[in-house]
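# Overview (structure and organization)
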Amino acid sequence: MLPGGHLLSVLIFFPAVGALALLMLRGDDHKFIRIIALIVALAEFLFSLLMIRAVPVGAAGYHLEEYLKWINQPPINYHLGADGISAFLVILTTFLTPISVLASWKSIEHRVKEFFVMLLMLEVGVVGVFLSLDLFLFFLFWEVMLIPMAFLIGIWGHERRVYAAVKFVLYTMAGSILMLVGIVWLYNATGTFDLPAIQVLLHSPASEGGLELPPTTEMLLFLAFFLAFAIKVPLFPLHTWLPDAHVEAPTAGSVMLAGVLLKMGTYGMIRFCLPLFPEASRRAAGWVAALAIIGIIYGALVAMVQPNLKKLVAYSSVSHLGFVVLGIFAFHNISMQGAVYQMLAHGISTGALFLLVGMLYDRRHTFEIGEYGGLATPMPKLSAFFLFVALSSLGLPMLNGFVGEYLVLLGTYQRHWQWASWAALGVILSACYLLWSYQRVFFGEITREKNRTLPDASAREKWILVTMAVVTLWMGIGSTFITARTAAAAQAVIDQVEPLRPYEAATPSGATPQAMLDSSKAAAKAISSERLGTR
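Now for a look at the structure at hand. What you see as residue numbers is a count from 1 along each chain, following the sequence as written. In view of the model being predicted, local features appear only for residues whose pLDDT reaches at least 70, and side-chain atom pairs are presented and counted only at 80 or more, with totals across whole chains, interfaces and linings using the full set of residues. Hydrogens and water molecules were not included; the side-chain quantities draw on all heavy atoms of the structure.

Runs of E in the DSSP output that reach at least two residues are strands. Runs of H or I that reach at least four are helices, and both are numbered from the N terminus. The topology assignment puts T472 in helix α18 (residues 459-477). If near-sequence neighbours (up to four positions away) are discounted, T472 is found in contact with I348, F388, S392, L399 and N400. Under this definition, polar contacts are N or O atom pairs within 3.5 Å; protein pairs additionally need one hydrogen-donor-capable and one acceptor-capable atom, and for neighbouring residues in sequence, both atoms have to be side-chain atoms. Among the polar contacts listed, one links the side chain of T472 to the backbone oxygen of M468, at a separation of 2.8 Å. Here, residues are in contact when the closest pair of their heavy atoms is within 4.5 Å.

If you check helix α3 (residues 84-103), its first and last C-alpha atoms are 29 Å apart, about what 20 residues at 1.5 Å a residue would give, namely 28 Å. With respect to burial, α3 is a largely interior element, 19 of its 20 residues being buried. To estimate how far a helix should extend, the number of its residues minus one is multiplied by 1.5 Å. For each residue, the accessible area found with a 1.4 Å probe, counting protein chains only, is set against the maximum for its type, and the residue is called buried under 20%, exposed over 50%, and partly exposed in between.

Before going further, it helps to spend a moment on the nonpolar core. Ranked by internal contacts, the top residues of the largest apolar core, which has 184 residues, are M51, L261, F329 and L360. In terms of residue count, helix α14 (residues 333-364) provides more of this core than any other element does, 17 residues in total. Setting aside its immediate chain neighbours within four residues, L261 contacts L122, V126, M145, M149, F168, K232 and M256. Residues belong to a common nonpolar core when they are buried Ala, Val, Leu, Ile, Met, Phe, Trp, Tyr or Cys residues joined through side-chain atoms within 4.5 Å.

Note on patches: the residues involved have over 30% relative accessible area and no salt bridge, like charges join within 9 Å, and the nonpolar side chains Val, Leu, Ile, Met, Phe, Trp and Tyr join within 5 Å. The Shrake-Rupley method, run with a 1.4 Å probe, gives the accessible areas here. Residue values count only the displayed protein chains as cover. Salt-bridge detection follows one rule: a side-chain nitrogen of Lys or Arg within 4 Å of a carboxyl oxygen of Asp or Glu. Together, L178, L220, L223 and L227 make up a nonpolar patch on the protein surface, roughly 320 Å² of accessible area in all. The element that contributes the greatest number of residues to the nonpolar patch is helix α8 (residues 215-232), accounting for 3 residues. On the secondary structure map, L220 appears in helix α8. Assessed through its relative accessible area of 56%, L220 is described here as exposed.

With that out of the way, let us pick up the side chain of S104. Examined against the element boundaries, S104 turns out to sit in the loop between α3 and α4 (112-131). Here the side chain of S104 touches S100 through a polar contact of 2.9 Å, landing on its backbone oxygen. Not counting residues within four places of it along the chain, the set of residues in contact with S104 comprises R34, F115, F116 and A252.

Across the 7 residues of strand β2 (residues 76-82), 7 count as buried, placing the element largely inside the fold. Residues I76, Y78, L80 and A82 line one face of β2 and the alternating positions N77, H79 and G81 line the opposite face, and both faces are buried. Strands are labelled as partners when DSSP assigns at least two bridges between them. The pairing of strand β1 (residues 63-71) with β2 spans 6 bridges and is classified as antiparallel. Looking across to β2, one finds that Y67 is bridged to H79. Here β1 hands over to β2 after 4 residues, the two strands then running antiparallel side by side.

Okay, structure coming up:
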């Protein structure tokens with residue numbers, strides 16, 4: 001066991017303990033089930049905040065590591081670790097889970113116990129994905145996440161829920177099979193599933209016992225991992241499962257899907273594609289950026305013509321996640337930090353949009369924009385929150401959406417100004433489809449008599465929306481709290497892709513960039529050599 005304590009294990013398995021406790025309860029005791037689920041989710045969030053102190057500002061590498069031997073042959077180990085990138089993604093997951101519990105307080109009336117069990121088990125899979133440093137363990141949690149999400153859509157979804165759930169499973173499994181092939185190939189070549197050890201071997205010359213991949217082999221392995229992650233993002237043209245999954249999923253399912261599950265794809269690109277296959281990443285960067293820019297513009301244009309409000313928000317995710325992929329493959333520290341920040345900001349703002357759309361659905365049981373109109377009169381508070389969240393999603397300065405998109409475009413422009421110029425169209429189009437949809441839903445004359453007596457936000461809904469609004473504003477104003485803790489981790493990834501580039505992130509006083517990089521590599525080699533020697 002490395003000196004990291006057991007915090008990461010607690011974060012992964014505490015929701016599973018909560019789910020087990022729920023299974024012990026009577027199925028008709030709905031109030032008690034909801035309260036227990038909320039307490040477990042809130043406790044998990046508080047535990048996750050402890051990670052902030054464990055990730056020092058300006059420090060690269062993994063922290064809070066846990067390493068235990070699990071299976072001797074093949075050598076599969078229980079290896080966990082967190083850096084600045086994964087820590088905040090875990091916090092995002094644990095933040096959105098209690099929000100999802102509260103959002104489902106009234107809307108889920110059948111199989112209540114099973115619903116909250118699935119929600120907590122989904123959290124187990126997602127947190128495990130972000131903290132795993134063993135390739136087999138990562139794949140295991142990747143598959144664990146798939147099952148509860150499919151049940152959330154297929155059982156508690158809307159009219160075409162089974163179709164959407166099956167489509168979600170088929171797309172994800174197709175990518176997972178390719179990734180499993182890549183993982184097995186790497187194990188056969190290196191003799192280990194340990195991610196830091198594989199990185200050291202792939203970045204060491206053959207004369208020093210390293211593994212030098214032929215260009216064709218490296219590209220095939222890159223594609224095996226990349227396609228799995230691109231489907232999850234989803235990157236154009238692999239995005240067709242997303243609108244169906246969002247429209248048919250319950251509100252909590254959409255919040256978790258948009259908030260954290262899509263980020264598993266972009267996180268995989270940062271954690272695996274770039275460090276393991278740097279040459280292939282550089283060769284594919286132009287094609288990936290082209291697909292990302294097409295996704296940015298295409299997603300915005302399709303969102304603009306959507307008559308279905310929930311599908312509009314779903315296509316906005318295709319557009320916004322395109323910025324994340326573009327920032328990753330620009331190979332610039334500023335754009336990489338922007339990509340990480342956009343992942344977090346998108347989880348908050350788009351999650352809030354799905355919450356608001358779900359609140360409208362609870363009142364009218366329709367997502368069609370034509371069924372609304374003039375809702376600002378009977379629902380002034382809900383309409384005010386909707387406008388605030390829409391402005392954050394379109395990138396208004398002082399709100400969270402602006403920071404990520406600005407950093408992505410700034411960093412990308414310094415490397416490829418053409419890419420940034422095309423991607424900037426997405427910012428303009430997002431303002432068009434979000435403000436136009438807001439106008440059609442909340443302004444104008446009330447054309448449906450049912451809309452005249454719709455209740456405004458309840459006390460529970462106000463708590464949810466105020467919490468999301470406060471986080472949105474804080475992320476827009478206090479962005480340096482996050483970027484200071486992700487800069488070193490972002491630069492460490494870039495240094496593995498382009499090791500000769502100058503250090504662009506802020507460094508602690510008294511430490512030179514090259515000295516930090518050398519010490520980081522030396523520590524990684526020492527740990528990896530120790531593990532390989534004891535295998």
